[in-house]
Protein chains: 2
Amino acid sequence: MAMTVKLVVLYAQPDDPDAFDKHYLGTHMPLVDGLPGLQRAETGKLVTALDGGEKTFYRIAELYFADSDALGAAFGSDAGKATAADYQAIAPPGSRMFIEALDD
Amino acid sequence: MAMTVKLVVLYAQPDDPDAFDKHYLGTHMPLVDGLPGLQRAETGKLVTALDGGEKTFYRIAELYFADSDALGAAFGSDAGKATAADYQAIAPPGSRMFIEALDD
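Note on numbering: residues in each chain are counted from 1, in written sequence order. Lettering of chains starts at A and numbering of ligands starts at 1, both following the order in which they are written. A pLDDT threshold of at least 70 governs which residues receive local features in this predicted model, and a stricter bar of 80 or more applies before side-chain atom pairs are shown or counted, although totals over entire chains, interfaces and linings include all residues. To get the side-chain values, take all heavy atoms of the structure and skip hydrogens and water.

*Asks:* How do you make sense of the pairing of strand β2 (residues 40–49) of chain A when you look at a structure like this?
*Replies:* Regular strands place their side chains on alternate faces of the sheet. The pairing of β2(A) with strand β3 (residues 57–65) of chain A spans six bridges and is antiparallel. Directly across from Glu42(A), in β3(A), lies its bridge partner Glu62(A). For β2(A) and strand β4 (residues 96–102) of chain B, the ladder comprises five bridges, and the chain directions are antiparallel. Along β4(B), the bridge assignment pairs Leu46(A) with Glu100(B). Pairing between two strands requires that DSSP report at least two bridges joining them. Where helices and strands are cited, they refer to DSSP runs of H or I of at least four residues and of E of at least two residues respectively, numbered from the N terminus.

Shown next, in the form of structure tokens:
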């Protein structure tokens, strides 16, 4: 069944936010943009914890694919492996990664 | 400065997922759709924790507004207060709510 899926990454707070953003925007996002089958990528900083709780996460990234097969194929590709390796290098401990199945 | 913002809600796992979804889709989303200034709403279930960690969150909801003033105005409205009250009624303990400032 074709159902749009997103890879949702919640980046934990980095020790050095400026250095993180420089690498994220200058190196990581170009890798993301090279993923085969990527429909759309959206990212931004979590500026406020509206629930009054901890600012557990620093940044969210969301990568849209046509379906879970397309997502799997993207990360099975050489570009996907390079992207995943870079993620492992930069993601602060406590970062989370989920697959979301979008509602209609 | 005008910068698209999102209200990002991470719903923790509900005790009764079917009952939660029924309320969420049948009652909560119609309230959300009535928010003044809402540009787009997107929601879906987090089906897999790709990092091998806990499935901490059940569902994600993202509400797009033109800027933080528009978001604030939406939740200052009667429709916004009704939406916030319904959120308080249904959000499982541990749910999180953030404001995200989207990158260009």
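*Asks:* What is the right way to read the packing of aromatic side chains from this model?
*Replies:* Two measures describe an aromatic ring pair: the distance that separates the ring centres and the angle between the ring planes. Residue and element names in this part refer to chain A. Between 30 and 60 degrees the pair is tilted, below 30 it is stacked and above 60 it is edge-to-face, where a pair is any two Phe, Tyr or Trp rings, Trp via its six-membered ring, whose centres lie within 6.5 Å. Considering all chains together, one arrives at 14 aromatic pairs over all chains under this definition. Aromatic side chains Phe20 and Tyr58 sit 5.8 Å apart centroid to centroid with 85° between the ring planes, which places their arrangement in the edge-to-face category. Placement of the pair is Phe20 in helix α1 (residues 17–33) and Tyr58 in strand β3, with a sequence separation of 38 residues. Of the two residues examined, Phe20 and Tyr58, each falls in the buried class. Joined through ring pairs, the aromatic side chains of Tyr11, Phe20, Tyr24, Tyr58 and Tyr87 make up one cluster. Should the NZ of a Lys or the CZ of an Arg lie within 6 Å of a ring centre and within 35 degrees of the ring normal, that charge is described as sitting over the ring. The ring of Tyr64 is capped by Arg40, whose NZ or CZ atom sits 4.2 Å from the centre of that ring. When a residue's accessible area, from a 1.4 Å probe over protein chains only, is under 20% of the maximum for its type it is buried; when over 50% it is exposed; and in between it is partly exposed.

*Asks:* What is the right way to read the sheet that holds β2(A) from this model?
*Replies:* Across a sheet, paired strands are connected by hydrogen bonds in the backbone, their directions being either parallel or antiparallel. Here eight strands make up a closed barrel; going around it, the order is β1(A)-β3(A)-β2(A)-β4(B)-β1(B)-β3(B)-β2(B)-β4(A) and the pairing antiparallel. Strand-to-strand, the axes of this sheet are offset by a mean angle of 30°, without reference to chain direction. Both strand β1 (residues 5–12) of chain B and β4(B) contribute to a ladder of six bridges, which runs antiparallel. Bridge pairing in β4(B) links Leu7(B) to Ile99(B). Against the sheet, α1(A) touches β1 (5–12), β2 and β3 of chain A, its axis set at about 5° to β3(A). Only C-alpha atoms enter the line fits that serve as axes; for helices the fit covers just the stretch in contact. Angles between N-to-C directions range over 0 to 180 degrees. A contact between two residues is defined here by any heavy atoms of the two lying within 4.5 Å.

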